[in-house]
Amino acid sequence: MTALVMGASGFLGSHVTRQLARRGDDVRVLLRRTSDTRGIDGLDVERCYGDLFDDDGLRAAMTDVDVLYYCVVDARAWLRDPGALFSTNVEGLRRVLDMALATGIEKFVFTSTVGTLAAGTDRPVTEEHEADWTGGGPYIESRRAAEALVLEYARTRGLPAVAMCVSTTYGPGDWQPTPHGGALAMVAAGRFPFYFGYSLEVVGIEDAARAMLLAAKKGRIGERYIISDRFMSSQELHAVAAEAGGVRAPRIGIPLPVLYAGARINDLAARVVNRDLPFATAGLRIVENMGRLDHSKAVRELGWQPEPVRDSIQRAVRFFADRGR
């Protein structure tokens, strides 16, 4: 079995690569020359170099590959110009999908997001509930377009693809780190005494990676799967991180209206200084519309059983602590 991981230098992609290498698969990764490879250094994998718009590099990396794990995403939800997001998340993906058809990939496992699902209400959201909310900005728009593109290729062009709707991930190996991982590290170090007035769906990064491998074997073509463990308040999440770090749990809650006020000031400042600033209103719209998710389809069809995400949060704290020493 030959597997190719695209986005292997990222948080999820590096864990997919590690699990594949650990079980003995022949693994290739497609990287840019400038990629931060700390998450996969030391692994016995074949490194190919190129990018989404390099047809020769794509063809070389994808030839004679059985399974392609697509973990590429531009997740900068705060960008004001949608061009970069749509270029990577949609147009670059389209070129990979065309090459996957040309090279005969046997399974295409696509990393999507729970942002493509319906807003939370009084019932748990499933894969059958289509997105019914707006205001998530270019990031969510590009991710919805990307998932729709993958499923269209599966439906009309015979691409053997599945889409994995992955929630917010926590765990070790968050080298860059992700924005939510960086916040967790600050809480665990006692440098962030706040929690936020919202809840979100979360999952351990190792469990998310394991779901990707299961989908390659058992995922039904043209289907999407929710990959999330549970709905957790920011207060509980930060309390778990603080306990693991041996510091006092944050006691100051910031209500959602106050967060929105700050985000609107951020958006105004971004226009004034003509640069992207990360605390954007669009990001709050994403978490505001998050509700409880039902991941039973992944359990039933893939045989996926996530571990308690608390364990993953604790491992993330240990990782950040070890990094800081």
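Structure report, in brief.

The rules behind each value
Residues numbered from 1 in each chain as written. Predicted model: local features only at pLDDT ≥ 70, side-chain atom pairs only at ≥ 80, totals over all residues. Heavy atoms only, no water. Helix = DSSP H or I, 4+ residues; strand = E, 2+ residues; numbered from the N terminus. Rg over C-alpha atoms; globule rule 2.2 N^0.38 Å. Buried < 20%, exposed > 50% of the residue type's maximum accessible area, 1.4 Å probe, protein only. Contact = heavy atoms within 4.5 Å. Areas by Shrake-Rupley, 256 points an atom, 1.4 Å probe, with all protein chains shown as cover. Lys, Arg positive; Asp, Glu negative; His and termini not counted. Charge placed at Lys NZ, Arg CZ, Asp CG, Glu CD. Salt bridge = Lys/Arg side-chain N within 4 Å of Asp/Glu carboxyl O. Pairing = 2+ DSSP bridges. Axes fitted to C-alpha atoms, helices over the stretch in contact; angles between N-to-C directions. Polar contact = N/O pair within 3.5 Å; in protein donor to acceptor, adjacent residues only side chain to side chain. Core = buried A, V, L, I, M, F, W, Y, C linked by side-chain atoms within 4.5 Å. 1 Å grid on protein atoms, 1.4 Å probe; cavity = no way out; pocket = protein on both sides within 12 Å on 5 of 7 lines; lining within 4 Å. Points joined across faces, edges and corners; volume = space filled by probe spheres on them. Nonpolar A, V, L, I, M, F, W, Y, C, P; charged D, E, K, R; others polar. Patch = residues over 30% accessible without salt bridge, like charges linked within 9 Å, V, L, I, M, F, W, Y side chains within 5 Å.

Time to look at the overall build of the chain. Of the regular secondary structure elements, the chain holds 11 helices and 12 strands. In terms of overall dimensions, the chain is globule-like: its C-alpha atoms have a radius of gyration of 19 Å, near the 20 Å expected for 325 residues. Each principal axis of the C-alpha atoms in the chain carries an extent, and together these give about 55 × 40 × 40 Å. Among the 325 residues that make up the chain, the fraction classed as buried is 54%. Long-range pairs, those at least 24 residues apart, make up 78% of the contacts in the chain between residues at least 6 apart in sequence. Accessible surface, the chain as shown: approximately 14400 Å² in total, 50% of it carbon and sulfur. Averaging the coordinates of the 40 positive side-chain charges in the chain and doing the same for the 41 negative ones gives two points 4 Å apart.

Inspection of the entire model under this criterion finds 22 salt bridges. We note a salt bridge from Arg 157 to Asp 98, for which the minimum N-O separation is 3.4 Å. Note that Arg 157 is positioned in the loop between α4 (137–156) and β6 (161–166) and Asp 98 in helix α3 (residues 83–103), a separation of 59 residues in sequence. Taking the relative accessible area as the measure of exposure, Asp 98 reaches 32% and is therefore partly exposed. Across the pair Glu 243 and Arg 310 runs a salt bridge, and its minimum N-O distance is 3.8 Å. You can see Glu 243 sitting in helix α7 (residues 234–245) and its partner Arg 310 sitting in helix α11 (residues 309–324), a full 67 residues away along the chain. With a relative accessible area of 56%, Glu 243 lands in the exposed category.

Attention shifts here to the sheet that holds strand β11 (residues 230–233). Taken in spatial order, the 3 strands of this open sheet run β7-β9-β11, and their pairing is mixed. In this open sheet, the two edge strands, each paired with only one partner strand, are β7 (168–170) and β11. Going from strand to strand, the sheet's axes swing by 50° on average, the running direction of each strand aside. Strands β7 and β9 (199–204) of the sheet are contacted by helix α6 (residues 205–218), whose axis makes an angle of about 70° with β9. Together, β7, β9 and β11 form the strand contacts of α7, whose direction differs from that of β11 by roughly 85°.

Looking now at the side chain of Arg 143. By the secondary structure assignment, Arg 143 is in helix α4. Engagement of the side chain of Arg 143 in a polar contact is seen with the backbone oxygen of Thr 111, the distance being 3.1 Å. Beyond its immediate stretch of four places on either side in the chain, Arg 143 contacts Val 73, Asn 89, Phe 110, Thr 111, Ser 112, Thr 113 and Thr 116.

Once that is clear, we can look at the nonpolar core. What tends to happen in soluble globular proteins is that the nonpolar side chains get buried as a cluster. Judged by nonpolar contacts, the single largest core of 37 residues is most densely connected at Leu 184, Tyr 198, Leu 237, Leu 284 and Ile 313. Within the residue set of this core, elements represented by two or more residues are α5 (179–188), β9, β11, α7, α8 (256–273), α9 (281–288) and α11. Here the element with the most residues in this core is α11; it accounts for 6 residues. With 34 residues, the next largest nonpolar core counts Ala 8, Tyr 69, Val 162 and Ala 209 among its residues.

The volume enclosed by the second largest pocket comes to roughly 240 Å³. If you go around the second largest pocket, you meet 15 residues; those closest to its centre are Glu 127, Glu 130, Glu 147, Leu 151 and Arg 224. Its residues assigned to classes, the lining of the second largest pocket shows 3 nonpolar, 2 polar and 10 charged.

A contiguous nonpolar patch, built from Leu 268, Val 272 and Val 273 and spanning about 290 Å² of accessible area, is present on the exposed surface. Residue position: Val 272 is located in helix α8. Its relative accessible area of 64% is what places Val 272 among the exposed residues.

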